Number of protein chains: 2
Amino acid sequence: MELVNAHKCFGGTLQFCQHQSDALGCRMGFSIFLPEQATQTRAPLLWWLSGLTCTEENFAVKSGAYGEAARLGLAIIAPDTSPRGTHVADDAAYDLGQGAGFYVDATEPPWAPHFSMYSYITQELRALVAGSFPIDAARQAISGHSMGGHGALVLGLRNPSLYKSISAFAPIVTPSECPWGKKAFTAYLGEERSAWSSYDACKILRSGTSRTKCGKILVDQGASDQFLDDQLMPQRLEAAAREAGQALELRMQPGYDHSYFFISSFIGDHLEHHAACLR
Amino acid sequence: MELVNAHKCFGGTLQFCQHQSDALGCRMGFSIFLPEQATQTRAPLLWWLSGLTCTEENFAVKSGAYGEAARLGLAIIAPDTSPRGTHVADDAAYDLGQGAGFYVDATEPPWAPHFSMYSYITQELRALVAGSFPIDAARQAISGHSMGGHGALVLGLRNPSLYKSISAFAPIVTPSECPWGKKAFTAYLGEERSAWSSYDACKILRSGTSRTKCGKILVDQGASDQFLDDQLMPQRLEAAAREAGQALELRMQPGYDHSYFFISSFIGDHLEHHAACLR
């Protein structure tokens, strides 16, 4: 692992790192914020999964989260959103290929050789981070935005022993039923829709196979989000959670859009939500 | 004036606007944050002047300032850093021409026709903003970073009736005496150094011609800033302020660099400083 650069930030340190990923077959970058407390004791860790077109930089630069993270003693890791490189399959559209990994393990050509973001996040990067930084592997939580909100819900619901707490901003709650998800899942997982269910938060909830071990899932959704009705459909998550008996707080935020200005306005609430679960 | 886009943010509104500037002879952009309180009563306004290479976007995206601004009821405007356009003179270097206006009124060719950032900020844009937004023109303050910290000190010290409070992050305190400033001032103002003095914060202080009307100037400087010794030299500002009887709090921040991660860590203190002066 290579430290690309580091910045002191709110008394802690923000590091940009790169490493060679076996799961993805390419070099990958991530950012990690370590609060000052991590110089004394292992810090709880929040995973932040970013949305379409993002890299490991967007959250670090735009979220405004590190002040509250420093106060709470919370570390935050933001991985990249897909494999990268000239040897990695890609598509000219912003919503497929590089920058659009959708946190699945692809089974179809030409994506299967590199697009294994589910395994990368839950296994390879998790092990690398636990072995390289002063974080408490027993206290991890997960959140994300849009495609990354989908990732947070899916990874969190399927791995309650890894992630003690889940939240999301404007998540794609049922990719099997929206244009972004149908396009990506058809490409990465094939036409057979039964293969899609384990990457669809609403279907995971309804299957009853998983339940978070810690309290309610917190979801913030801008009521003026341009993708609300066609792509995001948070009321479907609300219905699925109700059926499954999963506690969920869905907050519709009037006037807010899909941008990081929305995320920055409420990220403090999410960090407090996770810190309380991880305490 | 054209509203390019708007985002709800911390209960207020962040607007990106464009207008045709007479002072600069080109189209210019700026961002302005209006706190929720501005829907009821005119808000005090902080001017943020950005550094080399920046546009009106950098502060808006990277500073993490709007949460604290919302709590304090403070509006913040971030103008672009120079005239722009294919008809505007430019230089291949990052520290001259477009993106590097240095907040002076240029007198030399080829810069003089467009590079009048001093007049643009203190007159044209000030009048436009006062006439277009619910801000209290009697309660304005100024801050900035690096080249923009220089701008904040110079504009603030020369116009105490316009700006009631001054602060800066890692400012160029005496451009006449550092490589960035010498290069830019030679190009924009000519070889005759007497023309430089009115754009040099240390020389303005020593001339005794100006004094802020409100308390002390707050300056934060990262002690690990790569430009500290060659370009910034904050101890020269400290000496000039002492000679001039100008109150100054210079805070050397151990481990911090020149980036927005440094700014974001301390912008809250600066907003509180200005809000207290403008109360």
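Structure: see above.
Please provide a residue-by-residue account of the environment of A:Glu243, values included.
Residues and elements named next belong to chain A. Mapped onto the secondary structure, glutamate 243 falls in helix 8 (residues 234-244). The class for glutamate 243 is exposed, based on a relative accessible area of 58%. In sequence terms glutamate 243 and arginine 206 are 37 residues apart; their C-alpha atoms lie 7.0 Å from each other. At a separation of 3.0 Å, a polar atom in the side chain of glutamate 243 contacts the side chain of arginine 206.

Tell me about the pairing of strand 3 (residues 26-34) of chain B, and name the residues and values.
Consecutive side chains of a regular strand alternate in pointing toward one face of the sheet and then the other. Residue and element names in this part refer to chain B. Taking burial as the measure, the nine residues of strand 3 include eight buried ones, the bulk of the element. Of the pairings in the sheet, the one linking strand 2 (residues 12-21) to strand 3 comprises nine bridges and is antiparallel in character. Its bridge partner being in strand 3, threonine 13 is matched across the sheet by leucine 34. As consecutive antiparallel partners, strand 2 and strand 3 are separated by four residues, and within that stretch glycine 25 has a phi angle of approximately 65°, a positive value. Examined bridge by bridge, strand 3 and strand 5 (residues 75-79) share four bridges and lie antiparallel to one another. Pairing of phenylalanine 30 across the sheet is with proline 79, part of strand 5.

A description of unusual backbone geometry should follow, citing residues and the corresponding values.
The omega torsion across A:Pro109 and A:Pro110 is -5°, close enough to zero to call that bond cis. Tracing the sequence through the fold places A:Pro110 in the loop between strand 5 (75-79) and helix 3 (117-132). Residues other than glycine seldom take positive phi values, yet A:Phe10 does so here, at roughly 50°. By secondary structure assignment, the location of A:Phe10 is in the loop between strand 1 (2-9) and strand 2 (12-21). Even without being glycine, B:Tyr103 reaches a positive phi, approximately 60°. With respect to the secondary-structure elements, B:Tyr103 resides in the loop between strand 5 and helix 3 (117-132). Under the relative-accessibility criterion, B:Tyr103 is labelled buried at 1%.

Describe the state of the cysteines, with residues and values.
Residues and elements named next belong to chain A. Counting across every chain of the model gives zero disulfides over all chains. Cysteine 9 carries a free sulfur, and the closest cysteine sulfur to it, the one in cysteine 17, is 15 Å from it. The cysteine cysteine 26 is free of any disulfide, with cysteine 17 supplying the nearest cysteine sulfur at 16 Å.

Help me get a handle on the environment of B:Ile267, residues and values and all.
Residue and element names in this part refer to chain B. By the secondary structure assignment, isoleucine 267 is in helix 9 (residues 260-278). A C-alpha to C-alpha distance of 9.9 Å links isoleucine 267 and serine 143, two positions 124 residues apart in sequence. Setting aside chain neighbours within four positions, we find isoleucine 267 in contact with Trp48, Phe59, Ser63, Ala65 and Phe169.

Residue-level account of the sheet that holds strand 8 (residues 217-222) of chain A, with values.
Hydrogen bonds between backbone groups are what pair the strands of a sheet, and the pairing can be parallel or antiparallel. All names here are of chain A. The strand order across the open sheet formed by three strands is 7-8-9, and the pairing between neighbours is parallel. Looking at the sheet topology across the chains shown, the edges are occupied by strand 7 (167-169) and strand 9 (248-253). Going across the sheet, the axis of each strand differs from the next one's by a mean of 10°, ignoring polarity. Pairing of strand 8 with strand 9 involves six bridges; the strand directions are parallel. Paired with aspartate 220 across the bridge in strand 9 is arginine 251. Strands strand 8 and strand 9 of the sheet are contacted by helix 8, whose axis makes an angle of about 160° with strand 9. Against the sheet, helix 9 (residues 260-278) engages strand 7, strand 8 and strand 9, with an angle of about 180° to strand 7.

Quick rundown of the sheet that holds strand 9 (residues 248-253) of chain B? Include the residues and the values.
All names here are of chain B. A sheet is described by the order of its strands in space; here three strands give the open sequence 7-8-9, paired in parallel fashion. Edge positions in the sheet fall to strand 7 (167-169) and strand 9, since each of these pairs with one other strand and no more. Each strand axis lies, on average, 10° off the axis of its neighbour in the sheet, ignoring direction. Pairing between strand 7 and strand 8 (residues 217-222): three bridges, direction parallel. Among the inter-strand pairings, serine 167 is bridged to a residue of strand 8, identified as leucine 218.

Any chance you could break down the interface of chain A and chain B for me, citing the residues and the numbers?
Contacts between chain A and chain B engage 21 residues on the former and 21 residues on the latter. Interface of chain A and chain B: buried area, both sides summed, is about 1,600 Å²; carbon and sulfur atoms make up 61% of it. Counting the contacts that link chain A with chain B gives zero salt bridges. If you look at where chain A meets chain B, you find ten residue pairs in polar contact (both at pLDDT 80 or more). Only strand 1, strand 2, helix 1 (57-62) and helix 9 of chain A provide two or more residues apiece to the side of chain A that touches chain B. For the side of chain A that touches chain B, the class distribution of residues is eleven nonpolar, seven polar and three charged.

What counts as what
Counting from 1, residues in each chain are numbered in the order their sequence is written. Both sets of labels track the order of writing: A upward for chains, 1 upward for ligands. Local features in this predicted model are restricted to residues of pLDDT 70 or higher, and side-chain atom pairs are both shown and tallied only at a pLDDT of 80 or more, whereas totals for entire chains, interfaces and linings draw on every residue. The basis for every side-chain value is the complete set of non-hydrogen atoms in the structure, without hydrogens or water. The helix count covers DSSP runs of H or I at least four residues long, the strand count covers runs of E at least two residues long, and both are numbered beginning at the N terminus. Think of it in three bands: residues with accessible area under 20% of the maximum for their type are buried, residues over 50% are exposed, and the middle band is partly exposed, with areas taken using a 1.4 Å probe on protein chains only. Under this definition, polar contacts are N or O atom pairs within 3.5 Å; protein pairs additionally need one hydrogen-donor-capable and one acceptor-capable atom, and for neighbouring residues in sequence, both atoms have to be side-chain atoms. The pairing criterion is simple: DSSP has to find at least two bridges between the two strands. The disulfide criterion is simple: two cysteine sulfur atoms within 2.5 Å. What makes two residues a contact is simply this: any of their non-hydrogen atoms within 4.5 Å. In this description, a line fitted to the C-alpha atoms serves as the axis of each element, helices being fitted only across the stretch in contact, and the angle between N-to-C directions of two axes falls anywhere from 0 to 180 degrees. Simply put, the buried area is the total loss of 1.4 Å probe accessible area from both parts when two parts are fitted together. Any Lys or Arg side-chain nitrogen found within 4 Å of a carboxyl oxygen on Asp or Glu counts as a salt bridge. Note on residue classes: Ala, Val, Leu, Ile, Met, Phe, Trp, Tyr, Cys and Pro are nonpolar, Asp, Glu, Lys and Arg are charged, and everything else, Gly too, is polar.

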